[in-house]
Amino acid sequence: MSWQAQIEHEREQKDRYFGDDPRSPLPDDEQATFDGLEYYPIDPDYRFELPLERYDEPEPVVVGTSTDGEQEYLAWGEFEFTVDGETVTLQAYKSDADEDRLWVPFRDETSGEETYGAGRYLDLEPEHHRTDDGEWLLDFNEAYNPTCAYSDRYECPLPPMDNWLEVPIEAGEKAYDDGH
């Protein structure tokens, strides 16, 4: 299966989960009328193979949440890449030094316009997002909204200001319209 077909498949699975599963983050009244999430078209220009510039001493970072709480992460390293001719940097975080996955939250110029205002996330899993030569696959076509975008019963960590991009990332999941 091509990477594009894999993303389409994951989107279809997510729509089924949101519409049919009792554990869906959607409130019951919205789940009944849910007809799918909106996404940007899959675009290879938003798919990057990059080295992670690992920090020698990962620093704890306190991240605010959507409910005015706080969560602590470790700033693990950073990715540098170019979008629309502009070089940008995103930090990658871990909630625990022993886990393999990386969390890359971000806001961009589409936040609050076409995408969720508080930002979106990328989860990087070594078995799916590492190349044979050790680089990471940073694919914004996989960017998704945190659960608090669908219901205020969730607490979501907000992207730190270091990950507020001044370029549009027109890839991944768009803002959720609950029909209200």
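Residues numbered from 1 in each chain as written. Predicted model: local features only at pLDDT ≥ 70, side-chain atom pairs only at ≥ 80, totals over all residues. Heavy atoms only, no water.

A. Layout of the environment of Pro-22. Note that Pro-22 resides in the loop between α1 (3-20) and α2 (28-31). Considering only alpha carbons, one finds Pro-22 and Glu-166, 144 residues apart in sequence, at a separation of 38 Å. (Helix = DSSP H or I, 4+ residues; strand = E, 2+ residues; numbered from the N terminus.)

B. Layout of the environment of Tyr-39. Within the secondary structure, Tyr-39 is located in the loop between α2 and β1 (47-50). We classify Tyr-39 as buried; its relative accessible area is 18%. Along the primary structure Tyr-39 and His-9 are separated by 30 residues, whereas in three dimensions their C-alpha atoms are 13 Å apart. (Buried < 20%, exposed > 50% of the residue type's maximum accessible area, 1.4 Å probe, protein only.)

C. Spatial organisation of unusual backbone geometry. Positive phi values are uncommon outside glycine, yet Asp-68 reaches one of about 65°. Its place among the elements puts Asp-68 in the loop between β2 (53-64) and β3 (70-83). On the accessibility criterion, Asp-68 (76% relative accessible area) is exposed. If you check the backbone angles, Asp-84 has positive phi at about 50° while not being a glycine. Given a relative accessible area of 63%, Asp-84 falls into the exposed group.

D. Up close: a negative patch on the surface. A cluster of acidic residues, Asp-45, Asp-84, Glu-86, Glu-109, Glu-113, Glu-114, Glu-166 and Glu-170, forms a negative patch at the surface. Following the sequence through the fold, Glu-170 ends up in the segment after β7 (136-139). (Patch = residues over 30% accessible without salt bridge, like charges linked within 9 Å, V, L, I, M, F, W, Y side chains within 5 Å. Areas by Shrake-Rupley, 256 points an atom, 1.4 Å probe, with all protein chains shown as cover. Salt bridge = Lys/Arg side-chain N within 4 Å of Asp/Glu carboxyl O. Lys, Arg positive; Asp, Glu negative; His and termini not counted. Charge placed at Lys NZ, Arg CZ, Asp CG, Glu CD.)

E. Inspection of the pattern of salt bridges at higher detail. Applying the stated criterion across every chain, the model contains 6 salt bridges. Among the salt bridges present, the one from Glu-173 reaches Lys-14, with a minimum N-O distance of 2.8 Å. Here Lys-14 lies in helix α1 and Glu-173 lies in the segment after β7, a separation of 159 residues in the sequence.

F. Quick look at the side chain of Asn-141. Turning to its location among the elements, Asn-141 is positioned in the segment after β7. Side-chain polar atoms of Asn-141 contact the backbone nitrogen of Asp-43, separated by 2.8 Å. (Polar contact = N/O pair within 3.5 Å; in protein donor to acceptor, adjacent residues only side chain to side chain.)

G. Spatial organisation of the nonpolar core. By size, the foremost hydrophobic cluster in this structure holds 25 residues, and its most contacted members are Phe-79, Phe-81, Leu-138, Phe-140 and Ile-169. Those elements giving two or more residues to this core turn out to be β1, β3, β4 (86-94), β5 (102-106), β6 (120-124) and β7. For this core, the element with the most residues is β3, which contributes 5 residues. What Phe-79 contacts, discounting residues up to four positions off in sequence, is Leu-50, Pro-51, Leu-52, Val-88, Thr-89, Leu-90, Ala-92, Leu-102, Val-104, Leu-124, Trp-136 and Leu-138. (Core = buried A, V, L, I, M, F, W, Y, C linked by side-chain atoms within 4.5 Å. Contact = heavy atoms within 4.5 Å.)

H. Spatial organisation of the packing of aromatic side chains. Here the structure, examined in full by the defined rule, presents 12 aromatic pairs. Measuring from ring centre to ring centre gives 6.0 Å for Phe-18 and Phe-34, while their planes differ by 40°; the resulting arrangement is tilted. With Phe-18 in helix α1 and Phe-34 in the loop between α2 and β1, this pair connects stretches of sequence that are 16 residues apart. Just as Phe-18 is buried, Phe-34 falls in that class too. Taking 5.2 Å as the distance between ring centres and 65° as the angle between the ring planes, the aromatic pair formed by Tyr-150 and Tyr-176 counts as edge-to-face. Placement of the pair is Tyr-150 in the segment after β7 and Tyr-176 in the segment after β7, with a sequence separation of 26 residues. Exposure class is identical for Tyr-150 and Tyr-176. Each is buried. Here the aromatic cluster, defined as three or more aromatic residues joined through ring pairs, consists of Tyr-17, Phe-18, Phe-34, Tyr-150 and Tyr-176. In this arrangement the basic side chain of Arg-107 is found over the ring face of Trp-164, its NZ or CZ atom lying 4.1 Å from the centre. Directly above the aromatic system of Tyr-40 lies the positively charged group of Lys-174, at a separation of 4.9 Å from the ring centroid. (Phe/Tyr/Trp six-rings, centres within 6.5 Å; stacked < 30°, edge-to-face > 60°. Lys NZ or Arg CZ within 6 Å of the ring centre and 35° of its normal.)

Keep in mind these numbers describe shape, not what the thing actually does.
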